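Each chain, letter by letter, is given below.
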Amino acid sequence: MPELPEVDALVADMSARLVGVTVAEAEVASFAVLKTFDPPADALRGLAVTGVRRHGKFVDVEVDGLHLVIHFAKAGWLRWVENFSDHPVKKGGPLALRVRIDRGDGPRGGFDVTEAGTRKGLAVYLVRDPQDVPGIAALGPEPLADGFTIRPLLGRRMQVKRLLRDQKILAGIGNAYSDEILHAARLSPFAIAATLDDDEIVRLDTAIREVLTDAVEHAHGKPAAELKDDKRTRMRVHGKAGEPCPVCAEVVAEVVFSDSSLQYCPACQTGGQLLKNRTTSKFVK
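Here the structure is a predicted model, which is why all the values come from computation and not from measurement.

Participant: Help me understand the environment of Arg-128, please; the structure alone is not making it clear to me.
Facilitator: Here Arg-128 shows up in the loop between β8 (123-127) and α2 (134-137). Along the backbone, Arg-128 and Ala-48 are 80 residues apart, and their C-alpha atoms lie at a distance of 15 Å. When neighbours within four sequence positions are excluded, Arg-128 is seen to be in contact with Asp-38, Pro-39, Gly-65, Leu-66 and His-67. At 3.4 Å, the side chain of Arg-128 and the side chain of Asp-38 are in polar contact.

Participant: Would you take a moment to explain the environment of Val-52 for this structure?
Facilitator: In this structure, Val-52 sits in strand β2 (residues 49-55). On the accessibility criterion, Val-52 (10% relative accessible area) is buried. With 39 residues separating them in the primary sequence, Val-52 and Asp-13 have C-alpha atoms 9.3 Å apart. Excluding residues within four positions of it along the chain, Val-52 makes contact with Val-11, Met-14, Ser-15, Val-19, Val-59, Asp-60 and Val-61.

Participant: Sorry if this is basic, but what is going on with helix α4 (residues 175-185) here?
Facilitator: Turn by turn, an α-helix covers 3.6 residues, leaving residues three or four places apart pointing in a common direction. For α4, a buried count of 10 out of 11 residues is recorded, marking the element as mostly surrounded by other parts of the structure. The set of residues buried in α4 consists of Asn-175, Ala-176, Tyr-177, Ser-178, Asp-179, Glu-180, Ile-181, Leu-182, His-183 and Ala-185. For α4, the elements touching its buried residues are α1 (4-18), α3 (160-165), α5 (198-219), α6 (224-234), β10 (261-264) and α7 (266-269). Count one or two residues on from α4 and you reach Arg-186, which has phi positive near 60°.

Participant: Just checking my understanding: could you explain the confidence of the model for the protein chain for this structure?
Facilitator: Put simply, the protein chain has an average pLDDT of 93, and 96% of its residues get 70 or more. For the stretch residues 280-285, pLDDT sits under 50, and the model shows 15 contacts to residues farther than four places along the chain or on other chains.

Participant: What should I look at first to understand the sheet that holds β2 in this one?
Facilitator: Whenever strands of a sheet pair, they do so through backbone hydrogen bonds, lying parallel or antiparallel. If you trace the four strands from one edge of the open sheet to the other, you get β2-β3-β4-β8, paired in antiparallel fashion. What marks the edges here is a single partner per strand, and that holds for β2 and β8. Between one strand axis and the next, the sheet turns through 15° on average, direction left out of account. Here six bridges tie strand β3 (residues 58-63) to strand β4 (residues 66-71), and the two strands are oriented antiparallel to one another. By the bridge assignment, Val-63 is partnered in β4 with Leu-66. Lying on the sheet, α1 is in contact with β2 and β3; it crosses β2 at an angle near 175°.

Participant: Is there a simple way to explain the packing of aromatic side chains in this structure?
Facilitator: Aromatic ring pairs are described here by two measures, namely the spacing of the ring centres and the angle between the planes. The final tally for this structure, using the stated rule, is two aromatic pairs. Their ring planes at 55° and their centres at 5.1 Å tell us that Phe-72 and Trp-77 sit as a pair that is tilted. Of the two residues, Phe-72 and Trp-77, neither departs from the other in class, the shared state being buried. An angle of 75° between the planes, with centres 5.7 Å apart, marks the rings of Trp-80 and Phe-111 as edge-to-face. A residue pair is termed long-range when its members are at least 10 positions apart, and Trp-80 in strand β5 (residues 76-81) and Phe-111 in strand β7 (residues 110-115) qualify at 31 residues. Phe-111 matches Trp-80 in its accessibility class, with the two residues each being buried.

Participant: Would you explain the side chain of Asp-13 in this entry?
Facilitator: With respect to the helices and strands, the residue Asp-13 is situated in helix α1. Exposure remark for Asp-13: the relative accessible area of 19% places this residue in the buried category. Residue contacts for Asp-13: discarding those within four places in its chain leaves Trp-80 and Ala-224.

Participant: What's the story with the packing of α1 against α6 in this structure? I'm lost.
Facilitator: Relative placement of two packed helices is described by the angle separating their axes and the distance separating the axes. Running from N to C, α1 and α6 point in directions that differ by 155°, and their axes come no closer than 10 Å. Classified by the angle their axes make, α1 and α6 are roughly antiparallel. In this structure, α1 meets α6 at a crossing whose hand is right-handed. Across from Glu-6, Ala-9, Leu-10 and Asp-13 in α1, the residues of α6 making contact are Ala-224, Leu-227, Lys-231 and Arg-234. Looking at the contact of α1 with α6 residue by residue, the class counts come to four nonpolar, no polar and four charged.

Parameters and conventions
Residues numbered from 1 in each chain as written. Predicted model: local features only at pLDDT ≥ 70, side-chain atom pairs only at ≥ 80, totals over all residues. Heavy atoms only, no water. Helix = DSSP H or I, 4+ residues; strand = E, 2+ residues; numbered from the N terminus. Contact = heavy atoms within 4.5 Å. Polar contact = N/O pair within 3.5 Å; in protein donor to acceptor, adjacent residues only side chain to side chain. Buried < 20%, exposed > 50% of the residue type's maximum accessible area, 1.4 Å probe, protein only. pLDDT = per-residue confidence, 0-100. Pairing = 2+ DSSP bridges. Axes fitted to C-alpha atoms, helices over the stretch in contact; angles between N-to-C directions. Phe/Tyr/Trp six-rings, centres within 6.5 Å; stacked < 30°, edge-to-face > 60°. Parallel < 35°, antiparallel > 145°, perpendicular 65-115°, else oblique. Left-handed = near helix turned anticlockwise from the far one by under 90°. Nonpolar A, V, L, I, M, F, W, Y, C, P; charged D, E, K, R; others polar.

As structure tokens, then:
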């Protein structure tokens, strides 16, 4: 799933390409993906793009007062196309939405929003206010905002891994970067947030800021087609089960849940203890 750094880089790329151009047409290829009906998708036709912003993991394309909002979920992404054919989009397959743009000086290209696989989660909204999107209205604070600290969010008796991933508590962090942050902070993913001591909180604050800032800096400037693969290559423990920890050379371990997994270093994070698999657990949603 694309998380804050990848979405932030994508938004910067979209802003450079789209602001000031006119939407020629927005074609919905999967009506299940479009979660709103008023205004309709064809309301975008002929309007100019005035901005592109990020809210957590959501992309918000502002088009003359309307907002085309996209949440990529686990398997969605965006693909730029320099020149579309004139044929209407075909229903079915990975294509969910096609946005054709008119630069006024050549072929009409634009972008496709696609979703791979059979498990669907991609969501598109067309609204007058981004706060009309329930997921945006419920977002917690941005972890890279000026003055942010995790301390006031920790008074919960919940595992810190789950807290970091809960978008209503903290915006933009998902499964991968929560693993990376906890590794950098030398904290067990099962540590209870409300019981962290001052030193652990300082380490967690520092790790959030440094891991995300570094990831954003690496992601910016890369084409959308490369962002997901680039993210995988930069992971230190996430997705690295069975490989040596880059800090201490201990073998990276894994906890498997019914629909996901997490990775951690026993030596760096759990005092050498191996955490139990929870294949029937709903800990990670």
